[in-house]
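Residue strings, one per chain:
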Amino acid sequence: ATTMTLNSPGSMIELFHLTQSLPSPPPAAETAGLMREVGLKCISFNGIPRTINCLGAFREGMPKDVFDSIPSQPSRQLDPDNISTSFARGRALWDSVYRPFEGKLLDKLAQSHPNLPVHILNGHYSNLLSDPPADSPIKVGRVLTSLVAIACLRAQTGVGPQVTSHVFGLRKAYADGSAEKDIEGGEWLATDEGNQWIINAIDEIVQGLTEGRGTTFAPGMAGAKLQA
């Protein structure tokens with residue numbers, strides 16, 4: 001998620017190859033599929049263009065046999081039969097992240113624009129940030145979705161309150177029982193020490209990939225040239 005935020009598809013590809021060089025690497029297609037799904041969820045925090053850039057380059061940089069092994073059927077298509085359950089999943093995720101202020105926050109967002117909470121809930125939490133139904137082959141999960149949010153928001157900078165909200169959202173996953181049971185080190189990540197490790201790890205990735213220049217969301221614009 002940090003490499004996506006930095007618009008660095010080459011780093012995302014290197015990360016995949018790093019996982020495959022481990023002594024007991026996870027299945028290649030499973031890893032690539034999870035990374036691709038994380039990239040999709042980054043849309044909610046980074047916008048569509050960076051995900052298009054990075055996922056396109058990721059596809060081209062993957063071994064063809066690996067990419068061809070990832071399930072290719074869409075899993076988020078809405079229709080009259082599933083839209084109500086999608087909305088329910090999104091609201092449940094929203095409530096888990098922001099409880100006990102979930103209702104007040106929606107009211108506050110509506111004061112800025114009446115469709116702001118509508119789009120956030122229905123367009124993002126329901127059909128993107130919450131995972132597809134149980135029969136979907138690839139899921140990011142509740143805990144890793146919070147990590148995606150923290151990584152994107154911390155790496156882009158300037159959105160401190162949202163970073164804080166999602167750090168607490170990670171903690172609440174373990175407080176309300178919505179956290180998966182098989183996330184190695186997950187409970188530790190939800191502690192003060194674990195939270196600090198997450199932030200430090202993101203900062204180190206940003207520092208390493210940008211050679212200290214920081215986020216690509218604004219710096220460098222003064223020296224950029226417009227191209228047709």
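About the thresholds
- Residues numbered from 1 in each chain as written.
- Predicted model: local features only at pLDDT ≥ 70, side-chain atom pairs only at ≥ 80, totals over all residues.
- Heavy atoms only, no water.
- Axes fitted to C-alpha atoms, helices over the stretch in contact; angles between N-to-C directions.
- Helix = DSSP H or I, 4+ residues; strand = E, 2+ residues; numbered from the N terminus.
- Parallel < 35°, antiparallel > 145°, perpendicular 65-115°, else oblique.
- Contact = heavy atoms within 4.5 Å.
- Nonpolar A, V, L, I, M, F, W, Y, C, P; charged D, E, K, R; others polar.
- Salt bridge = Lys/Arg side-chain N within 4 Å of Asp/Glu carboxyl O.
- Buried < 20%, exposed > 50% of the residue type's maximum accessible area, 1.4 Å probe, protein only.
- Phe/Tyr/Trp six-rings, centres within 6.5 Å; stacked < 30°, edge-to-face > 60°.
- Patch = residues over 30% accessible without salt bridge, like charges linked within 9 Å, V, L, I, M, F, W, Y side chains within 5 Å.
- Areas by Shrake-Rupley, 256 points an atom, 1.4 Å probe, with all protein chains shown as cover.
- Core = buried A, V, L, I, M, F, W, Y, C linked by side-chain atoms within 4.5 Å.
- Left-handed = near helix turned anticlockwise from the far one by under 90°.
- Expected span 1.5 Å × (residues − 1).
- Arc of directions from axis to C-beta.

Caption draft 1: Structural context of the packing of helix H7 (residues 83-98) against helix H11 (residues 160-175). For the pair H7 and H11, the least separation of the axes is 7 Å and the interaxial angle reads 100°. As summarised for this structure, H7 and H11 are arranged roughly perpendicular, according to the angle between their axes. On H11, the residues touching Ser96, Val97 and Tyr98 of H7 are Ser165, His166, Gly169 and Lys172. Broken down by class, the residue content of the contact of H7 with H11 amounts to two nonpolar, four polar and one charged.

Caption draft 2: Main features of the pattern of salt bridges. Within the structure shown, the criterion is met by eight salt bridges. Across the pair Arg76 and Glu37 runs a salt bridge, and its minimum N-O distance is 2.4 Å. One end of the pair, Arg76, is in the loop between helix H6 (64-68) and H7; the other, Glu37, is in helix H3 (residues 28-41), with 39 residues separating them in the sequence. In this pair, the class of Arg76 matches that of Glu37, namely buried.

Caption draft 3: Structural detail: the packing of aromatic side chains. Under the counting rule described, the total for this entry stands at five aromatic pairs. Here the aromatic rings of Phe16 and Phe58 are separated by 6.5 Å at their centres, their planes lie at 85°, and the arrangement is edge-to-face. Of this pair, Phe16 sits in helix H2 (residues 9-20) while Phe58 sits in helix H5 (residues 48-61), and the two are 42 residues apart along the sequence. Across the pair, Phe58 and Phe16 agree in class, each one buried. With 6.3 Å between their ring centres and 55° between their planes, Tyr98 and Tyr125 make a pair best called tilted.

Caption draft 4: Highlighting the side chain of Thr31. By the element assignment, Thr31 lies in helix H3. Residue contacts for Thr31: discarding those within four places in its chain leaves Phe16, Thr19, Gln20 and Pro26.

Caption draft 5: How the structure looks around a nonpolar patch on the surface. On the surface, a nonpolar cluster with roughly 200 Å² of combined accessible area is contributed by Leu78, Ile83 and Phe87. Position of Leu78 among the secondary structure elements: in the loop between H6 and H7. Given the relative accessible area of 31%, Leu78 is considered partly exposed.

Caption draft 6: Main features of the nonpolar core. Counting 50 residues, the largest nonpolar core has Phe58, Trp94, Tyr125 and Leu170 as the members making the most contacts within it. No other element matches the nine residues that helix H10 (residues 142-156) contributes to this core. Leaving out residues up to four positions away in the same chain, Leu170 has contacts with Val143, Ser146, Leu147, Ile150, Leu189, Ala190, Asn195 and Ile198.

Caption draft 7: Just the packing of H2 against H3, in detail. Running from N to C, H2 and H3 point in directions that differ by 150°, and their axes come no closer than 10 Å. By the angle class used here, H2 and H3 are roughly antiparallel. In the crossing of H2 with H3, the sense of the turn from one axis to the other is right-handed. Together, Met12, Leu15, Phe16, Thr19 and Gln20 of H2 and Ala28, Thr31, Ala32 and Met35 of H3 make up the contact between the two elements. Across the contact of H2 with H3, the residue classes tally to six nonpolar, three polar and no charged.

Caption draft 8: Spotlight on helix H13 (residues 192-210). The first and last C-alpha atoms of H13 sit 27 Å apart over 19 residues, in line with the 27 Å expected at 1.5 Å per residue. Taken as a whole, H13 has its buried residues at Gly194, Asn195, Ile198, Ile199, Ile202, Val206 and Thr210. Mapping the buried residues of H13 onto a view down its axis gives an arc of 140°, with all of them on the same face. Residues Asp192, Glu193, Glu204 and Gly208 are exposed on H13 and point more than 90 degrees away from its buried face. Of the surrounding elements, those touching the buried residues of H13 are helix H1 (2-5), H10, H11 and helix H12 (186-189). Of the residues trailing H13, Glu211 is marked for its positive phi of about 55°.

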